[in-house]
Amino acid sequence: MTTVTDSSHPLLSVRDVSVRFGGIVALDGISFDVQRGQICGVIGPNGAGKTTLFNCLSRLYQPHAGRITFNGEDLLAKPQHGIAAAGIGRTFQNVALFPAMTVRENVQVGRHCRTRTGYWANALRLRSVQREEAEVRAHTERMLDLLALQDVADTPVKNLSFGTRKRVEMARALIAEPQLLLLDEPAAGLNHEEVDGLRQLIADVRDRFRVTVLLVEHHLNLVMRVSDQVVAMNFGRKIADGPPAQVQADAEVVRAYLGTETA
Ligand code: ATP
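The model shown is predicted, which means the values in this text are computed figures rather than measured ones.

**Regarding the side chain of arginine 206**
Next, step 1: Its place among the elements puts arginine 206 in helix 7 (residues 192-209).
Next, step 2: Looking at arginine 206, its side chain comes within polar contact range of the side chain of aspartate 207, at 2.9 Å.
Next, step 3: For arginine 206, the residues in contact, after removing those within four places along its chain, are Gly37, Gln38, Ile39, Val211, Val213 and Asp228.

**A word on helix 7**
In an α-helix there are 3.6 residues to a turn, and that puts residues three or four apart on one side.
Next, step 1: A rise of 1.5 Å per residue sets the reference length of helix 7, with its 18 residues, at 26 Å; its end C-alpha atoms lie 26 Å apart and thus fit the reference within 8%.
Next, step 2: For helix 7, the complete set of buried residues consists of Val195, Leu198, Arg199, Leu201, Ile202, Val205, Arg206 and Phe209. Taken end-on, helix 7 shows its buried residues confined to a sector of 165°, consistent with a single buried face. Across helix 7 from its buried face, at more than 90 degrees, point the exposed residues His192, Glu193 and Asp207.
Next, step 3: A distance of 3.1 Å separates the backbone nitrogen of glutamate 193 from a side-chain oxygen at the start of helix 7, and that oxygen is part of asparagine 191.
Next, step 4: Once helix 7 ends, the next one or two residues include arginine 210, with phi positive near 50°.

**Topic: the environment of valine 168**
Next, step 1: Mapped onto the fold, valine 168 is located in helix 6 (residues 162-174).
Next, step 2: Exposure remark for valine 168: the relative accessible area of 0% places this residue in the buried category.
Next, step 3: Not counting residues up to four positions away in its chain, the partners in contact with valine 168 are Leu97, Val103, Asn106, Val107, Leu149, Val157 and Leu160.

**Comments concerning the nonpolar core**
Next, step 1: Ranked by size, the top nonpolar core spans 44 residues in total, and within it Ile43, Met170, Leu174, Ile202 and Val205 carry the most contacts.
Next, step 2: Counting residues in each nonpolar core, the second largest holds 28 residues, with Val17, Ile30, Ile68 and Leu76 among its members.

**Brief notes about the site of the ligand**
Next, step 1: Inspection of the region around the ligand gives 13 residues, with Gly47, Lys50, Thr51, Thr52 and His218 positioned closest.
Next, step 2: In the model, an oxygen atom of the ligand is placed 3.2 Å from a nitrogen or oxygen of the asparagine 46 side chain.
Next, step 3: Threonine 51 is positioned with one of its side-chain polar atoms (N or O) 2.6 Å from an oxygen atom of the ligand.
Next, step 4: Protein contact buries 62% of the 630 Å² of open area that the ligand shows by itself.
Next, step 5: Elements with a minimum of two residues in the shell around the ligand: strand 2 (24-34) and helix 1 (50-57).
Next, step 6: Sort the elements by how many residues they give to the shell around the ligand and helix 1 lands first, with 3 residues.

**Comments concerning the pattern of salt bridges**
Next, step 1: According to the stated counting rule, one finds 12 salt bridges in the structure shown.
Next, step 2: Notably, a salt bridge pairs glutamate 73 with lysine 78, separated by 2.8 Å at the nearest N-O pair.
Next, step 3: Here glutamate 73 falls in the partly exposed class, since its relative accessible area comes to 44%.
Next, step 4: Note that arginine 199 is salt-bridged to aspartate 196, the shortest N-O span being 3.4 Å. Separated by 3 residues within a single helix, arginine 199 and aspartate 196 lie in helix 7, roughly one turn from each other.
Next, step 5: Overall, the relative accessible area of 29% leaves aspartate 196 in the partly exposed class.
Next, step 6: Three or more residues joined by partner-sharing salt bridges are found here, namely Arg104, Glu141 and Asp154.

The rules we used
Residues numbered from 1 in each chain as written. Predicted model: local features only at pLDDT ≥ 70, side-chain atom pairs only at ≥ 80, totals over all residues. Heavy atoms only, no water. Helix = DSSP H or I, 4+ residues; strand = E, 2+ residues; numbered from the N terminus. Polar contact = N/O pair within 3.5 Å; in protein donor to acceptor, adjacent residues only side chain to side chain. Contact = heavy atoms within 4.5 Å. Expected span 1.5 Å × (residues − 1). Buried < 20%, exposed > 50% of the residue type's maximum accessible area, 1.4 Å probe, protein only. Arc of directions from axis to C-beta. Core = buried A, V, L, I, M, F, W, Y, C linked by side-chain atoms within 4.5 Å. Near = heavy atom within 4 Å. Areas by Shrake-Rupley, 256 points an atom, 1.4 Å probe, with all protein chains shown as cover. Salt bridge = Lys/Arg side-chain N within 4 Å of Asp/Glu carboxyl O.

Shown next as structure tokens:
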């Protein structure tokens, strides 16, 4: 499926988005844009609202106020199950793969939002189904090659290291050909070497797949090294937005992190 793109506006535009949980204001009128092809890191101390923002973007939460525009369209008008077809892929903090299934099978599953044939066509094994299956297989092999997963393609996911599982999750998201890839704390649970591998992987994925990346992450060093743009949050608000060096030097960002453990 080819998605129509229009480069005259930002790929993602978040405007005055607010989310409350009872008396707690988790997001307080946050606004920012992400341009096509950029890696945008979102940072902030514990409780800043990063996960809440991520959940709004993946349509798990409905904001109480504000707008989110993706590719010029109202994202909040799309159902949660429609975001993959709209061009948004995501990975999960705790890795959400099928543990007993092989790497190849897990990656293949990610292609299904791009298949069109329905129940009867499948039941009758129509030509269109066979053609589609061949396409899915070809896409899967290409993705396994690109993410260097061929050696473990027939291994059940449960037998893999956490770092490799994250790469499988990335492959599963990318096979759907997203325009925007949402990464939810991908460095969580990784050791120093694996974080460095992850940094290269994210940069590589952006370059090869020309995908825009939004990275919600605690690991400041990773965010600062891989991002083109960093949005810093505190108490549900944006406190800085710009190139990494500028955000890192921002007085309010430094204040927000003082006394807070930073990776
Ligand atoms: P962390 O880095 O610790 O994951 P965060 O930046 O992701 O934090 P959020 O998890 O988005 O922050 O939380 C923002 C605020 O909203 C916090 O005060 C949190 O306690 C509150 N909050 C988040 N989710 C819920 C919920 N489902 N119900 C009630 N309060 C919530």
